[in-house]
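Secondary and tertiary structure notes
Here are the chains, one letter per residue:
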Amino acid sequence: MIRLTAPVVLPCDPACSVLRDGVVDVGDDGRIAFVGPAPQAPAAPGPVHAVPGALLPGLVNTHAHTPMLALRGAGGDLPLLRWLHEVMWPMEARLTGADVRDAMAAGAVEQLRAGTTTSVEMYFHTQAVLDAVVAVGSRVLLTPGVIAAPGWDRLGTWEQMRDDISARIDADGLTTGRVELGYGPHSAYTLPPEALASIGEHARARGALLHVHVAEAADEDAVARASHGSVPALLDELGVLDGRVLAAHAVQLSDDDVALLAARGTAVAHCPGSNAKLAAGIARVTALRRAGVRVGLGTDGPASGDDLDVWAQARLAGLLARVTSGDAAALTAAELLLMATRDGAAAIGRADLGALEPGRWADLVHVDLDDPVFTDPGDDAQLLSNLVWAGGARLVRDVWVAGEQVLAGGEPTRVDRATTTAAVRALAARLRIP
Ligand SMILES: [Zn+2]
């Protein structure tokens, strides 16, 4: 058992409380045993580690393709479908498992340095992604990609991709250590309806998360729109929305689509940065939240995102919600912080992450408060406002996952950052299309 103390603890409870002179006790099982102000804390259970800033839960990145790190910046001025067909897919065809492992390791380090402890990943070369995450010590909900699109058959048919996931879950269970497995059917435009229906059945039978791109760009789902009215309507007709579903992007939604997602309990991974960069549009976050849809934040892959910074997504989500609604209170700093943490965990169906509460995993971030962005750190509202609107990733100093320190003073404790960076640079040089 260890005790962390800090002048400020942000537990990310529903009220987004600010605790002063706070204590977080972490049990030997890696879960939180106590959170509260020091005067209410039990006797110190073991070593005390005093951090000088604020402690908050690790951020949850609800939509990423982190191994695309080596493709960052490629085809950066193309719309979604041309970007995929002309640049991304040809480059990705040259990625080996070892490449994916190197890129995922560098990306997991980048995410820890931005305070993200859990990412929901959709990618290929499943074992390589898992090996990288286990090496770095972060947490992942990996939904291996299932796709039937030009060139991707080199990795097998969609049935084989589906069965590989099911076999892994049937052998080892949904969760092993810091890894949870789910299903990542890519989208309604890269899979036939029977594939979506079947993958939905496999996921439901195992209680697994199904993570799918939904209605990202206007032209992408023209077929689904013509035949079924919308991508959500198509997925619902196939029974897919009956399970535990995370819809990534969900930009092109009608009022009926919003109501349908709410009725089915489908969650949304909001990716405002990627949606803006690919000119896909602005998701209707305030309408989704008002309807009761769980909404988390996602960076998307670093090739479209372009960074892996959930703080930046929170800020952009707030700015876009305000400019589209004309309401200067559309998303408050507290609401944005909760979207990055507690709501993100809820969106992926993980009540054991995203907040500092007894029983949840001790995934913790220490952010520096000794920075001029904090104009009045003694005032709760001002502290939250400065942290979200002006602070963010660059203030992250230390990170713990399941009570183990995996980032110390900005450097990963389990791997060497110079090595992970050099590997991804060498990979990028090799992938570059002359
Ligand atoms: Zn994506």
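Residues numbered from 1 in each chain as written. Predicted model: local features only at pLDDT ≥ 70, side-chain atom pairs only at ≥ 80, totals over all residues.

Moving on, we get to helix α12 (residues 333–340). Among the eight residues in α12, eight count as buried, and that is most of the element. Listed in full, the buried residues belonging to α12 are Ala333, Ala334, Glu335, Leu336, Leu337, Leu338, Met339 and Ala340. On the buried face of α12, the contacting elements are β6 (59–64), β16 (295–297), α11 (310–325), α13 (342–347) and α14 (380–389). (Buried ≥ 20, exposed ≤ 12 C-beta atoms within 10 Å, placed from the backbone. Helix = DSSP H or I, 4+ residues; strand = E, 2+ residues; numbered from the N terminus. Contact = placed C-beta atoms within 7 Å.)

With that settled, the discussion passes to the domain arrangement of the protein chain. Taken domain by domain, the protein chain consists of domain 1 (2–57 + 360–412) and domain 2 (59–347). Here the C-alpha centroids of domain 1 and domain 2 sit 28 Å apart. With 21 residues of domain 1 at the interface, the matching set in domain 2 holds 24 residues. Put simply, the parts of the chain that give the side of domain 1 that touches domain 2 at least two residues each are β5 (54–57), α14, β18 (396–401) and β19 (404–408). Sorting elements by how many residues they give to the side of domain 1 that touches domain 2 places α14 first, with four residues. Its residues assigned to classes, the side of domain 1 that touches domain 2 shows 16 nonpolar, three polar and two charged. (Domains from an automatic or database assignment. Nonpolar A, V, L, I, M, F, W, Y, C, P; charged D, E, K, R; others polar.)

Attention shifts here to the environment of His125. Summarising the element assignment, His125 is placed in the loop between β7 (116–121) and α3 (126–136). Along the sequence, His125 and Arg264 sit 139 residues apart, while their C-alpha atoms lie 31 Å from each other. Beyond its immediate stretch of four places on either side in the chain, His125 contacts Gly97 and Val100.

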